[in-house]
Amino acid sequence: MHANFNDREAHTHLPMSIARFREAARKPIHEHAKQFNDVKTVSVDDNWFVEKFVNGTADTMANYARLYNDDVDEMMGVLVPSARYRKGHYSYGKFTVPQPHGLHTDHSAEDPDGAGEPICIARIETLGTHYLAGDYKAYDPETQSMLKALRYWIAVPEGEPENILGELLKRATLRTIPVNRVMLMVAGNSSENAQVTQHIAARPPDGGLHSAFFQRQYKLT
């Protein structure tokens, strides 16, 4: 993937951990997230940088987001030299309800001709993301039906989506990304030379959990 990121066989082995958060970073990030009883989501673009670091005073999470952005950009410059920043965001606070979408991919609506693209995500302390492991084309029809239940959050002959989520985790068809790690996976649009990572957020328990999430997606030049 260093020379050619769109290598479908290599993609079947992702996500891959490329870094971890030290305790000196993850603890204050989590403590800051615990100050909020809702979820705040912030897009990272030129306006964000100007607002936070030129015309204003950056808050705690913005400072950590900037460190994350700089460090991940540096790592991607080594791992995938053709990668250039496309878009990103970060979220933090108390996650009390499941995300509105089920099993999904992070695509590039602004670039319909784009194929697979690098994306790096990190979840801090709680609520690790689940992902579909292995080669998607190798799954049998029953498993494909179960995945449909998670993709559209509907009942299928194999059962209700809540039960199917647990069953696929038990089978290790779905695996869980560890928290406090920077994970490299595949975003973008479908292509015969790419396998875009399908993933679903962990379901928070009753009462919710405080967490933080960082995401940075790249285009290929």
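Residues numbered from 1 in each chain as written. Predicted model: local features only at pLDDT ≥ 70, side-chain atom pairs only at ≥ 80, totals over all residues. Heavy atoms only, no water.

### Some thoughts on the sheet that holds strand 2 (residues 39-43)
One open sheet accounts for 6 strands, arranged 1-7-4-9-3-2; its pairing is antiparallel. Taken across any chain shown, the strands that pair with only one partner, and hence form the sheet edges, are strand 1 (16-20) and strand 2. In this sheet, adjacent strand axes meet at a mean angle of 25 degrees when their direction is disregarded. Both strand 4 (residues 116-124) and strand 7 (residues 181-188) contribute to a ladder of 6 bridges, which runs antiparallel. Note that in strand 7 the partner of cysteine 120 across the bridge is leucine 184. Sheet contacts for helix 2 (residues 23-33): strand 3 (83-95), strand 4 and strand 9 (209-220); angle to strand 9, the most-contacted strand, approximately 115 degrees. Of the strands in this sheet, strand 1, strand 3, strand 4, strand 7 and strand 9 touch helix 4 (residues 60-79), which is tilted by about 40 degrees from strand 9. (Pairing = 2+ DSSP bridges. Helix = DSSP H or I, 4+ residues; strand = E, 2+ residues; numbered from the N terminus. Axes fitted to C-alpha atoms, helices over the stretch in contact; angles between N-to-C directions. Contact = heavy atoms within 4.5 Å.)

### Brief notes about the packing of helix 2 against helix 4
Interhelical geometry of helix 2 versus helix 4 gives an angle of 145 degrees and a closest axis separation of 10 Å. The element helix 2 and its partner helix 4 pack so that their crossing is left-handed. Contacts from Ala24, Ala25, Pro28, Ile29, His32 and Ala33 of helix 2 reach helix 4 at Thr60, Met61 and Tyr64. Residue composition of the contact of helix 2 with helix 4, grouped by class: 7 nonpolar, 2 polar and no charged. (Left-handed = near helix turned anticlockwise from the far one by under 90°. Nonpolar A, V, L, I, M, F, W, Y, C, P; charged D, E, K, R; others polar.)

### Concerning unusual backbone geometry
For the bond from leucine 14 to proline 15, the omega torsion is 10 degrees, close enough to zero to count as cis. The topology assignment puts proline 15 in the loop between helix 1 (8-11) and strand 1. Located in the positive-phi region is alanine 172, a residue other than glycine, with phi close to 70 degrees. Relative to the elements of secondary structure, alanine 172 occurs in the loop between helix 6 (161-171) and strand 6 (174-176).

### With respect to the sheet that holds strand 5 (residues 130-132)
The strand order 6-5-8 describes an open sheet built from 3 strands, whose pairing is antiparallel. This sheet does not close on itself; its edge strands, each paired only once, are strand 6 and strand 8 (199-200). Note: strand 5 against strand 8, 2 bridges, orientation antiparallel. Paired with histidine 130 across the two strands is isoleucine 200, which belongs to strand 8. Relative to strand 6, helix 6 is tilted by about 80 degrees, and along the sheet it contacts strand 5, strand 6 and strand 8.

### What about the environment of leucine 168?
Along the chain, the position of leucine 168 falls in helix 6. The class of leucine 168 is buried, set by a relative accessible area of 0%. Other than its neighbours up to four places away in sequence, leucine 168 contacts Met146, Leu147, Leu150, Thr173 and Leu174. (Buried < 20%, exposed > 50% of the residue type's maximum accessible area, 1.4 Å probe, protein only.)

### Side note on the pattern of salt bridges
On inspection of all chains with the given rule, the structure shows 13 salt bridges. Of the charged contacts, one joins arginine 86 and glutamate 117 as a salt bridge, the two residues approaching to 2.6 Å between their closest N and O atoms. Taken together, the residues arginine 86 in strand 3 and glutamate 117 in strand 4 connect sequence positions 31 residues apart. Just as arginine 86 is buried, glutamate 117 falls in that class too. For glutamate 167, the salt bridge goes to lysine 170, with nearest N and O atoms at 3.9 Å. Here glutamate 167 pairs with lysine 170, and both are found in helix 6, just 3 residues apart, close to one helical turn. The class of glutamate 167 is partly exposed, set by a relative accessible area of 26%. (Salt bridge = Lys/Arg side-chain N within 4 Å of Asp/Glu carboxyl O.)

### Some details on the packing of helix 5 (residues 141-152) against helix 6
Taken N-terminus to C-terminus, the directions of helix 5 and helix 6 make an angle of 130 degrees; their axes are 9 Å apart at the nearest point. Judged by the angle between their axes, helix 5 and helix 6 are oblique. The two elements helix 5 and helix 6 meet at a crossing, and its hand is left-handed. Residue-level contacts link Glu142, Thr143, Met146, Leu147, Ala149 and Leu150 of helix 5 to Pro161, Ile164, Leu165, Glu167, Leu168 and Arg171 of helix 6. (Parallel < 35°, antiparallel > 145°, perpendicular 65-115°, else oblique.)

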